[in-house]
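Here is how the chains run, residue by residue.
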Amino acid sequence: DGGITQSPKYLFRKEGQNVTLSCEQNLNHDAMYWYRQDPGQGLRLIYYSQIVNDFQKGDIAEGYSVSREKKESFPLTVTSAQKNPTAFYLCASRIRGLNTEAFFGQGTRLTVV
Amino acid sequence: GQSLEQPSEVTAVEGAIVQINCTYQTSGFYGLSWYQQHDGGAPTFLSYNGLDGLEETGRFSSFLSRSDSYGYLLLQELQMKDSASYFCAVGSSTDKLIFGTGTRLQVFP
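About the cut-offs
- Residues numbered from 1 in each chain as written.
- Chains lettered and ligands numbered in written order.
- Predicted model: local features only at pLDDT ≥ 70, side-chain atom pairs only at ≥ 80, totals over all residues.
- Heavy atoms only, no water.
- Helix = DSSP H or I, 4+ residues; strand = E, 2+ residues; numbered from the N terminus.
- Buried < 20%, exposed > 50% of the residue type's maximum accessible area, 1.4 Å probe, protein only.
- Disulfide = S-S within 2.5 Å.
- Pairing = 2+ DSSP bridges.
- Axes fitted to C-alpha atoms, helices over the stretch in contact; angles between N-to-C directions.

Draft legend 1. Unusual backbone geometry, seen in detail. Residues A:Ser7 and A:Pro8 are joined by a peptide bond in cis, for which omega reads -10°. Within the secondary structure, A:Pro8 sits in the loop between β1 (4–7) and β2 (10–13). Unusually for a residue other than glycine, A:Asn53 sits at a positive phi of about 65°. Within the secondary structure, A:Asn53 sits in the loop between β5 (43–51) and β6 (54–57). The backbone phi angle of B:Ser69 is positive, close to 50°, even though this residue is not glycine. Take B:Ser69: it is sitting in the loop between β7 (60–65) and β8 (70–75). Judged by its relative accessible area of 26%, B:Ser69 falls in the partly exposed class.

See the structure below:
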């Protein structure tokens with residue numbers, strides 16, 4: 001079955017450590033996205049990628065980094081520079097274009113202690 | 001920049017009709033879409049409006065007025081399972097996809 005997979009579902013890290021969240025899709029989508037969601041809040045765009053080896057900053061990119069070496073994969077690294085990393089992280093993908101549906105993974109809940 | 005504003009919460013009873021509004025400010029508008037998210041889950045696509053007017057999909061309808069930078073999602077014959085958060089979103093020519101602040105809908109029996 002085609003879909004988008006995020007792992008792990010829950011992640012605990014100590015303050016000051018970098019952590020990488022995985023996002024893999026087998027939908028053959030060119031565009032991929034990372035969003036952050038805080039309790040009771042909307043989805044804020046961190047980074048997005050239109051094509052392999054290219055990505056763009058979203059509205060809250062500071063303290064995060066990404067790579068897009070393969071079409072299927074778009075990992076997100078939460079660095080120690082991110083002041084408040086505890087949040088729910090969602091990855092999405094879609095066909096490039098104006099009215100295409102975005103498909104989301106089930107999310108990773110990151111807790112920094 | 002881009003911003004989308006929605007009411008934070010709406011409540012209604014089963015069987016009722018509810019409207020969730022979305023006003024947007026964007027540099028280059030490329031359609032308004034709507035997503036539903038249940039607590040702890042992933043957002044799922046509901047509808048898209050590229051042109052002015054009403055789009056109907058079963059119990060859900062979505063409306064767009066580009067001249068007013070405004071749209072809404074209309075949910076009819078509300079069911080308990082419709083209790084969720086609803087987000088509007090706008091795309092762009094660079095494939096950037098921005099979501100609104102979200103509206104939490106609570107349906108009561």
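After that view, the rundown keeps rolling.
Draft legend 2. Region of interest: the state of the cysteines. In the structure shown here, the tally under the stated rule is two disulfides over all chains. Paired through a disulfide, A:Cys23 and A:Cys91 show a sulfur-sulfur distance of 1.9 Å. Here A:Cys23 and A:Cys91 share a disulfide; its torsion about the S-S bond, -75°, makes the bridge left-handed. Of this pair, A:Cys23 sits in strand β3 (residues 19–25) while A:Cys91 is found in strand β9 (residues 87–94), placing the two residues 68 residues apart along the sequence. The side chain of B:Cys22 participates in a disulfide bridge whose partner is B:Cys88; the two sulfur atoms lie 2.1 Å from each other. In this structure the cystine formed by B:Cys22 and B:Cys88 twists about its S-S bond by roughly 75°; its chirality is therefore right-handed. Of the two residues, B:Cys22 sits in strand β3 (residues 18–25) while B:Cys88 sits in strand β9 (residues 84–90), which places them 66 residues apart along the sequence. Judged by its relative accessible area of 0%, B:Cys22 falls in the buried class.

Draft legend 3. Region of interest: the sheet that holds β8(B). Residue and element names in this part refer to chain B. Strand order across the open sheet formed by five strands is β1-β3-β8-β7-β6, with antiparallel pairing between neighbours. Bordering the open sheet on either side are β1 (3–5) and β6 (53–57), each of which pairs with just one other strand. Averaged over all neighbouring strand pairs, the angle between strand axes comes to 20°, with direction disregarded. Judged from the three bridges that link them, β1 and β3 form a sheet pairing that is antiparallel. The residue bridging Glu5 from the neighbouring strand is Thr23, located in β3.

Draft legend 4. The pairing of strand β5 (residues 44–49) of chain B, seen in detail. Residue and element names in this part refer to chain B. Relative to β5, strand β4 (residues 32–37) runs antiparallel, the two sharing five bridges. Each residue of the ladder has a partner; that of Tyr35, found in β5, is Phe45. The turn joining β4 and β5, which pair antiparallel and follow one another in sequence, is formed by six residues; a positive phi near 75° is taken by Gly40.

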